[in-house]
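Observations on the three-dimensional arrangement
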Amino acid sequence: MKISIIWTWYIWLIQAVWLAKLWYNVTSIDVFQDKIDTLKSGTPTIYEDGLKELLTETLSKINFTTNKEELIGSDIIFLCVGTPQDDNGKTDLGYVFWACNDIKPYLNGNEIIVIKSTVPVGTNAKVFELLEGKNKVVSNPEFLREWLAIKDFFAPDRIVFGFWDINDSDTINKI
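Quick look at the structure, then. The structure presented is a predicted model; accordingly, all values stated were derived computationally and were not measured.

The complete set of buried residues in helix H5 (residues 123-130) reads Thr123, Asn124, Ala125, Val127 and Phe128. Backbone geometry just downstream of H5 places Glu132 in the positive-phi region, at approximately 60°.

Running from N to C, helix H4 (residues 94-103) and H5 point in directions that differ by 25°, and their axes come no closer than 10 Å. With respect to each other, H4 and H5 are oriented roughly parallel. Note that H4 runs across H5; the crossing there is right-handed. The residues of H5 that touch H4, namely those facing Val96, Phe97, Cys100 and Asn101, are Lys126, Val127 and Leu130.

Taken as a whole and judged by the stated rule, the model has 5 salt bridges. Lys21 is the salt-bridge partner of Glu57, the closest N and O atoms lying 2.6 Å from each other. Linking Glu57 in helix H3 (residues 51-58) with Lys21 in helix H1 (residues 10-21), this pair joins segments that are 36 residues apart in sequence. Residue Glu132 is joined to Lys104 by a salt bridge in which the shortest nitrogen-to-oxygen separation is 3.7 Å. Residue Glu132 is located in the loop between H5 and strand S6 (136-139), and its partner Lys104 is located in the loop between H4 and strand S5 (112-115); the two are separated by 28 residues in the primary sequence.

Definitions and limits used
Residues numbered from 1 in each chain as written. Predicted model: local features only at pLDDT ≥ 70, side-chain atom pairs only at ≥ 80, totals over all residues. Heavy atoms only, no water. Buried < 20%, exposed > 50% of the residue type's maximum accessible area, 1.4 Å probe, protein only. Helix = DSSP H or I, 4+ residues; strand = E, 2+ residues; numbered from the N terminus. Axes fitted to C-alpha atoms, helices over the stretch in contact; angles between N-to-C directions. Parallel < 35°, antiparallel > 145°, perpendicular 65-115°, else oblique. Left-handed = near helix turned anticlockwise from the far one by under 90°. Contact = heavy atoms within 4.5 Å. Salt bridge = Lys/Arg side-chain N within 4 Å of Asp/Glu carboxyl O.

Right, dumping it as structure tokens:
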């Protein structure tokens, strides 16, 4: 199974190393070459207790890159982008939609798109439409705490999933 992760920021770097620890091959894509080079050298770009050792242990299982063509052939793509608040206190979905548009040329329709960012209800339907109804879209928001993220990954206090299914016309009412 090929797993790809869009962006290598805080929680998403934790996601990449833990999936690699579970023996998955992970491609982690970011737009910043300097960050990719730092991670390829085995140096974390954030501080989290135990992350340096975990990154060193799993480095051979993670392909850090800026090349979006590496998405081709992915089974699962985690969209792990920021969702800051806008000036009115609402979730700004700009990065989510930007990432979808950015990766769309590399998708064949068989990938499962997992929105790892915390987003409002109805976002899956918008992403599904943006991707022209070709991909399954799943929400799996993160609840990892900074400084405890490595521990929280394998001992979560909750796991949340939501999905959009084109074959179930009532899905939107279930999300």
